Amino acid sequence: MEQQHAVMAQEPIDGEVIEACRQGDREAFQLLFETYKDKVFSIAVYAANGDRAVADDVTQQIFLKLFTAIRQFRGDSEFTTWLYRLVVNACLDERRRRRRWLPWGEIVATTISTEKRPQERQFDRLEVSEAVREAIAELKPKFRLPILLKYIEGLSYEEIAIVMNCSKGTVASRLNRGHSQLAKRLAHLNNSAVV
Amino acid sequence: MFSKHVTNDISAYCQGELSPEQARQFAEHIISCAKCRREFEEIKFGVRFAEQLPCLVAPETLWTEIEAGLGSAGENSTVNRQWQFRVAAVAAVLLVVGGLGVWWFWGKGFKGQLAAGSWQVQSLNGAPQIGKKKFGAQGRLGVGEWLETDASSRAQIAVGSIGRVNIDENTRVRLVETEPTEHRLELARGKLSATIWAPPRLFFVDTPSAVAADLGCAYTLEVDDHGAGVLRVTAGWVALELKDRESMVPRGAACETRPGVGPGTPFFEDAQPSFRRALETFDFEDDAAARASALNSMLVEARSRDTLTLWHLLARVEGDDRVRVYDKIAGFVPPPDGVTREGVLQLDQEMLDRWKDALEVSWFADNPVLPKAVAETYWRVKNGLTRRVREISDK
């Protein structure tokens, strides 16, 4: 079942944990995995237009790569920005590899909707949530990824700029356009009780 | 007035990414620029949707698959009890947080409510009631709850950290929502007085015939038993809106609303009674001849300060009537450079806004209390705008 929960809970990852990961400590790595798995998986799902199978693969690749690459992490940047740069690159690589992104509706029919109990349908909030996911999936990646980094990961504009290797102004501009496109695509929900 | 358009900064403003000075300039610009306000509304709408994007839960099997992928790469690692304990602790915390998330998510779904949070309410007189319960000195008004006063009770609501609203006798209001990007009350009947020191368009009051959008101000709003209302602004500006109809009401001015029509045309309260009667006829009468006669009367009686009313009428009349209104306004204050007669008559919004900026001088020059610049500076300090933007930027 999908759950919505507080993002950016207390981060237990400190220099000690990262150093242990660099030394190859499996338990420390599992701690790191437990801390970031939901956020990384969420980005992968949204980036893959809701295809959970693809998101599963991408998430695995990210953490496997992280396990190797963390030995090269020197602490020159924040760990989170370094991690999310890996995530963004993996999602973009996956997109390039597949060369096509399935429309959200096709995926939803086989993945997310099958997990819902029938009575859940009656709640406006769920429907809005689903409409938002669909609208997000229709955004171009350059507008979609900043929105995911902002709302799933809770990164600041500056952190998003570092992750996406662009200026803070570009982040602001892309978020503006992303928000604007979301508003247009979801205009039919303007009078919804949940908005 | 900060004249450069601020559309590129709208998301950054909504998310507290601007410096206090930038946020102040943004807020000032939004008050006066209809173009940026429209985009601000749209992007704010998008922000509110994006905020509902849920964080998903990774499959339980993921770690097993990753661990298999790791193979023997980490077999020589030191497994110490401290890490095992910390993994278990993190897993437990995530489980609890996830559980609370589910509880919150479904709890809200059942109640049909969006926002957590409530406002503190203080009784000013008698025993107001929240829902069906009367309260003594203090109570809390939750989202979706009604606050009601009778003939002998009054109350004051603390609107989060952005202002206060006094509720007069025989009034019924509901807290619709309280979110970082929007606080909204519904006034079903009665009278409230709001003093808001937040950036523009953070506080709204829904009435049966219009929505009052705060633009950094103080005002009173009354709604009668038939849903008709009147807004009186004592400081700053308030926008009274319904669908595409918008009336910008500055301090010293008022605006009436009617069910089925929406906001009428704003007028300064020191306008001649005959001018006000004519305006009421024009705004709310169905009879075309009566409306035409009322327009004629207004064009004869209008003072320089009544260009507030005439400027709004430009978009509410057509053909020759619009030309006559244009000529009347231009007789008081000619359009500034770059604003053409043709552009205004075609309702070019940018030209209309620029002319309004020029007209504002005459709207407030007659004010015997304070010169506009002094009054605005006074209000800016008083309403704590700077304090509010600092709060946002500190988040």
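Residues numbered from 1 in each chain as written. Chains lettered and ligands numbered in written order. Predicted model: local features only at pLDDT ≥ 70, side-chain atom pairs only at ≥ 80, totals over all residues. Heavy atoms only, no water.

1. Looking at the overall build of chain A
Alright, step 1. Scanning chain A from N- to C-terminus turns up nine helices and zero strands.
Alright, step 2. Listing each helix as α and each strand as β along chain A from the N terminus yields α-α-α-α-α-α-α-α-α.
Alright, step 3. Counting every position in chain A, which comprises 195 residues, the buried fraction comes to 58%.
Alright, step 4. Sequence-distant contacts, at least 24 apart, represent 67% of the contacts inside chain A between residues at least 6 apart.
Alright, step 5. Total accessible area on chain A is roughly 8400 Å²; 46% of this is exposed by carbon and sulfur atoms. (Helix = DSSP H or I, 4+ residues; strand = E, 2+ residues; numbered from the N terminus. Buried < 20%, exposed > 50% of the residue type's maximum accessible area, 1.4 Å probe, protein only. Contact = heavy atoms within 4.5 Å. Areas by Shrake-Rupley, 256 points an atom, 1.4 Å probe, with all protein chains shown as cover.)

2. Digging into the overall build of chain B
Alright, step 1. Counting its secondary structure elements, chain B contains 13 helices and 18 strands.
Alright, step 2. For chain B, with 395 residues in total, the buried portion stands at 51%.
Alright, step 3. Taking as baseline every contact in chain B between residues at least 6 positions apart, the subset at least 24 positions apart corresponds to 50%.
Alright, step 4. Roughly 17500 Å² of accessible area belongs to chain B as shown, and the carbon and sulfur atoms make up 52% of that amount.

3. Concerning the environment of Pro208(B)
All names here are of chain B.
Alright, step 1. Within the secondary structure, Pro208 sits in the loop between strand E10 (203–206) and strand E11 (211–214).
Alright, step 2. Taking C-alpha positions, Pro208 is 8.8 Å from Gly262, a pair spaced 54 residues apart along the chain.
Alright, step 3. With residues near it in sequence (within four places) discarded, Pro208 still touches Leu187, Ala188, Val223 and Gly227.

4. Concerning the packing of helix H6 (residues 273–284) of chain B against helix H7 (residues 288–301) of chain B
Residue and element names in this part refer to chain B.
Alright, step 1. At their nearest, the axes of H6 and H7 sit 8 Å apart, and the two run at 150 degrees to each other. Classified by the interaxial angle, the pair formed by H6 and H7 is roughly antiparallel. Viewed along their axes, H6 and H7 form a crossing whose handedness is left-handed. Within the contact between the two elements, H6 uses Ser274, Phe275, Ala278, Leu279, Thr281 and Phe282 and H7 uses Ala290, Arg291, Ala294, Leu295, Ser297, Met298 and Glu301.
Alright, step 2. When the residues that make up the contact of H6 with H7 are grouped by side-chain class, the tally is eight nonpolar, three polar and two charged. (Axes fitted to C-alpha atoms, helices over the stretch in contact; angles between N-to-C directions. Parallel < 35°, antiparallel > 145°, perpendicular 65-115°, else oblique. Left-handed = near helix turned anticlockwise from the far one by under 90°. Nonpolar A, V, L, I, M, F, W, Y, C, P; charged D, E, K, R; others polar.)

5. Remarks on helix H3 (residues 34–50) of chain B
All names here are of chain B.
Alright, step 1. Under the 1.5 Å per step criterion, the end-to-end length of H3 is 24 Å for 17 residues, consistent within 8% with the ideal 24 Å.
Alright, step 2. For H3, the buried fraction is high: twelve of the 17 residues fall into the buried class.
Alright, step 3. Buried residues of H3: Ala34, Cys36, Arg37, Phe40, Ile43, Lys44, Phe45, Gly46, Val47, Arg48, Phe49 and Ala50, and no others. (Expected span 1.5 Å × (residues − 1).)

6. A few points about unusual backbone geometry
Alright, step 1. Phi at Asn165(A) takes a positive value of approximately 55 degrees, unusual for a residue other than glycine.
Alright, step 2. Tracing the backbone through its elements, the reader meets Asn165(A) in the loop between helix H8 (157–164) and helix H9 (168–185).
Alright, step 3. By relative accessible area, Asn165(A) is classed as exposed at 67%.
Alright, step 4. For Asn170(B), which is not a glycine, the phi torsion comes out positive at approximately 55 degrees.
Alright, step 5. The residue Asn170(B) is located in the loop between strand E7 (163–167) and strand E8 (172–179) in this model.
Alright, step 6. Judged by its relative accessible area of 42%, Asn170(B) is partly exposed.

7. Quick notes on the confidence of the model for chain A
If pLDDT is low for a region, its predicted coordinates should not be looked at in detail.
Residues and elements named next belong to chain A.
Alright, step 1. Per-residue pLDDT for chain A averages 76, and the proportion of residues at 70 or more is 74%.
Alright, step 2. No element of chain A has a lower mean pLDDT than helix H5 (residues 104–110), at 37, and none a higher one than H9, at 93.
Alright, step 3. For the stretch residues 100–123, pLDDT sits under 50, and the model shows 44 contacts to residues farther than four places along the chain or on other chains. (pLDDT = per-residue confidence, 0-100.)

8. Re the packing of H8(A) against H9(A)
All names here are of chain A.
Alright, step 1. With their axes 8 Å apart at the nearest point, H8 and H9 run at an angle of 100 degrees to one another. As summarised for this structure, H8 and H9 are arranged roughly perpendicular, according to the angle between their axes. Along its contact with H8, which presents Tyr157, Glu158, Ile160, Ala161 and Met164, the element H9 presents Lys168, Val171, Ala172, Arg174 and Leu175.
Alright, step 2. Along the lines of polarity and charge, the residues of the contact of H8 with H9 split into seven nonpolar, no polar and three charged.

9. Comments concerning the nonpolar core
Alright, step 1. Counting residues in hydrophobic clusters, the biggest one holds 90 residues, and the most contacted among them are Phe29(A), Leu32(A) and Phe79(A).
Alright, step 2. When residues in this core are grouped by element, the largest group, 13 residues, is from helix H2 (residues 26–47) of chain A.
Alright, step 3. Among residues more than four places away in sequence, those in contact with Phe29(A) are Cys21(A), Phe63(A), Leu66(A), Phe67(A), Trp63(B), Ile66(B) and Leu70(B).
Alright, step 4. Core analysis: the second largest hydrophobic core is formed by 75 residues, Ile130(B), Phe203(B), Ala213(B) and Val325(B) among them. (Core = buried A, V, L, I, M, F, W, Y, C linked by side-chain atoms within 4.5 Å.)

10. Examining helix H3 (residues 52–69) of chain A
Residues and elements named next belong to chain A.
Alright, step 1. Between the first and last C-alpha of H3 there are 25 Å, a value that for 18 residues agrees with the 26 Å anticipated at 1.5 Å per step.
Alright, step 2. Along H3, the residues classified as buried are Arg52, Val54, Ala55, Asp56, Val58, Thr59, Gln60, Ile62, Phe63, Leu66, Phe67 and Ala69.
Alright, step 3. A side-chain oxygen of the first residue of H3 lies 3.1 Å from the backbone nitrogen of Ala53; this N-cap is Asp51. (Polar contact = N/O pair within 3.5 Å; in protein donor to acceptor, adjacent residues only side chain to side chain.)

11. Side note on the pattern of salt bridges
All names here are of chain B.
Alright, step 1. Within this structure, the stated rule accounts for 26 salt bridges over all chains.
Alright, step 2. Among the ionic pairs, Arg258 bridges to Glu256, the shortest N-O distance being 3.0 Å.
Alright, step 3. Exposure remark for Arg258: the relative accessible area of 22% places this residue in the partly exposed category.
Alright, step 4. Bridged by salt links that share partners, the residues Asp270, Arg303, Arg305 and Asp306 form one connected network. (Salt bridge = Lys/Arg side-chain N within 4 Å of Asp/Glu carboxyl O.)

12. Description of the state of the cysteines
Residue and element names in this part refer to chain B.
Alright, step 1. Counted under the stated rule, the structure contains zero disulfides over all chains.
Alright, step 2. Counting only cysteine sulfurs, Cys33 is the nearest neighbor of Cys36, a cysteine outside any disulfide, at a range of 3.7 Å.
Alright, step 3. Take Cys36: its relative accessible area is 0%, and that puts it in the buried class. (Disulfide = S-S within 2.5 Å.)

13. What to know about the side chain of Glu153(A)
All names here are of chain A.
Alright, step 1. Within the element layout of this structure, Glu153 appears in the loop between helix H7 (141–151) and H8.
Alright, step 2. Among buried charged residues, Glu153 stands out as having no salt bridge; its nearest opposite-charge side chain is Lys39, 5.0 Å away.
Alright, step 3. Looking at Glu153, its side chain comes within polar contact range of the side chain of Tyr84, at 2.5 Å. (Lys, Arg positive; Asp, Glu negative; His and termini not counted.)

14. Points about the packing of aromatic side chains
Alright, step 1. For the structure shown, the criterion picks out 15 aromatic pairs over all chains.
Alright, step 2. An angle of 45 degrees between the planes, with centres 6.1 Å apart, marks the rings of Phe29(A) and Trp63(B) as tilted. Of this pair, Phe29(A) sits in helix H2 while Trp63(B) sits in helix H4 (residues 62–70), on two different chains.
Alright, step 3. Its relative accessible area of 0% is what places Phe29(A) among the buried residues.
Alright, step 4. With a relative accessible area of 9%, Trp63(B) lands in the buried category. (Phe/Tyr/Trp six-rings, centres within 6.5 Å; stacked < 30°, edge-to-face > 60°.)

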